[in-house]
Amino acid sequence: MKIVLAPDKFKGTLTAPEVAEALAEGLRAGLPGAELVLVPGAAGGEGPVPAALGGGFSPRRARVSGPTCEPLTAEFALDPATGTAVVEMAAASGLDVLPGGAKDARNATSLGTGQLLRAALDAGARRLILGVGGSACTDGGAGMLQGLGARFTDDGGTELPLGGAALARIAEADLSGLDSRLDDATLILAADVDNPLLGERGAAAVFGPQKGATPSDVAELDAALARFAAVLGAALGPRAAAAKDAPGAGAAGGVGYAALALGAQRRRGIDVVVDFTGLREKLDGAALAITGEGSLDAQSLGGKAPIGVAAEARAYGVPVVAVCGRSQLDGAARAAAGFAAVHALTDLEGDVEVCLRDAQRLVRETGLLIGQKLASHGPAGTSDAPTNVDTDSRKESVR
């Protein structure tokens, strides 16, 4: 029986490869002899750069400004033969690179992302794949544009400080210094989420709280982004004006908007990463696919990695099981997402702190449970219907 393991990371707990290995250990105990194909991060969970490097791209590094302007070294992937570079904004402007993890929703910037794109251009890239997600900023991509040479000023002609809050004072966008090499480059926005820039589904409202924004900060940032979009739309024309409402504009604190305003083509992150990992070919002939992430919730349904894996698997007629730390999806939402079953660590251990501390063991136990169901009932046994699996014996056999 061929089983494809394509989980995302359990953020802050396990990397995607760690989740895949733990699942594999459990499955081997519960279903000896199964052919396990591990494709961790196949849907972009670990990011397109690791996927590109795994696909033969070369690593490159550049010194850039972090989300609060501290210098850091960020990596990108380059294929000199095709002139393609893969850049992840999280490497330069992400929550994971905040000094001491201190969030600054109002002032954090995407400046380093623009600098990283410029470094890719310097390295000879003319096809730029920008993976977005995990950002620390809500600046509409203004910082990214500044890193590429743009200037934004207030009514008095003074250049604005970095960060989303300062955009409330923007009066003019000077794009004369924008890197001219962008004119001959292809920019691809790899974004799974489909949120617009503004409003109740926008960058500030949906993702701002994750970056430390209070309710008053969210309102302030949303208004500032609206002003920024009006000014940038006037400077760049109808395409930029329309970009604020386009799917993906709200990705990564609005960096998606700035990329679309520059003429980027949007692709789902999973589609970009699948090209590098060969997920589609590996799904061919599989009896089951297992995906998942730390929390399955409403944001997952917006196009995150597990939903992408489920969609790819459905195209091959392969049933999909999700494994997660916790699930907030009801039965109808699970079915609509394409999951035959959802296994949450909280089903095994009600104490969330224990789930976080012992996630690897619990994922391994979940893999064993799935393997035992497969051994007893075949792929049909992976549905949410109850089966006669002894929980105590399951735990003993994976210790």
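Our subject in this report is the structure included herewith. (Residues numbered from 1 in each chain as written. Predicted model: local features only at pLDDT ≥ 70, side-chain atom pairs only at ≥ 80, totals over all residues. Heavy atoms only, no water.)

Some words on the overall build of the chain
Line of reasoning, step 1. Counting its regular elements, the chain contains 18 helices and 15 strands.
Line of reasoning, step 2. Computed over its C-alpha atoms, the radius of gyration of the chain comes to 22 Å, within 12% of the 21 Å expected for a compact globule of 399 residues.
Line of reasoning, step 3. Projected onto its principal axes, the C-alpha coordinates of the chain cover approximately 75 × 50 × 35 Å.
Line of reasoning, step 4. Residue burial in the chain is summarised as follows: out of 399 residues, 55% are buried.
Line of reasoning, step 5. Taking the contacts inside the chain whose residues are at least 6 apart along the sequence as the reference set, 72% of them involve residues at least 24 apart. (Helix = DSSP H or I, 4+ residues; strand = E, 2+ residues; numbered from the N terminus. Rg over C-alpha atoms; globule rule 2.2 N^0.38 Å. Buried < 20%, exposed > 50% of the residue type's maximum accessible area, 1.4 Å probe, protein only. Contact = heavy atoms within 4.5 Å.)

Some thoughts on the pairing of strand S5 (residues 84-88)
Line of reasoning, step 1. Of all 5 residues in S5, 5 are buried; the element is thus mostly enclosed.
Line of reasoning, step 2. Residues Thr 84, Val 86 and Glu 88 of S5 are buried on one face, and the alternating residues Ala 85 and Val 87, pointing to the opposite face, are buried as well.
Line of reasoning, step 3. Inspection of the sheet shows strand S4 (residues 71-79) paired to S5 by 3 bridges, in the antiparallel sense. If you follow Leu 78 over to S5, its bridge partner there is Ala 85.
Line of reasoning, step 4. Following S4, the chain reverses through 4 residues before pairing antiparallel with S5; Gly 83 in that reversal takes a positive phi of roughly 65 degrees.
Line of reasoning, step 5. Strand direction decides the pairing type here: S5 and strand S6 (residues 127-131), joined by 5 bridges, are parallel. If you follow Val 87 over to S6, its bridge partner there is Leu 130. (Pairing = 2+ DSSP bridges.)

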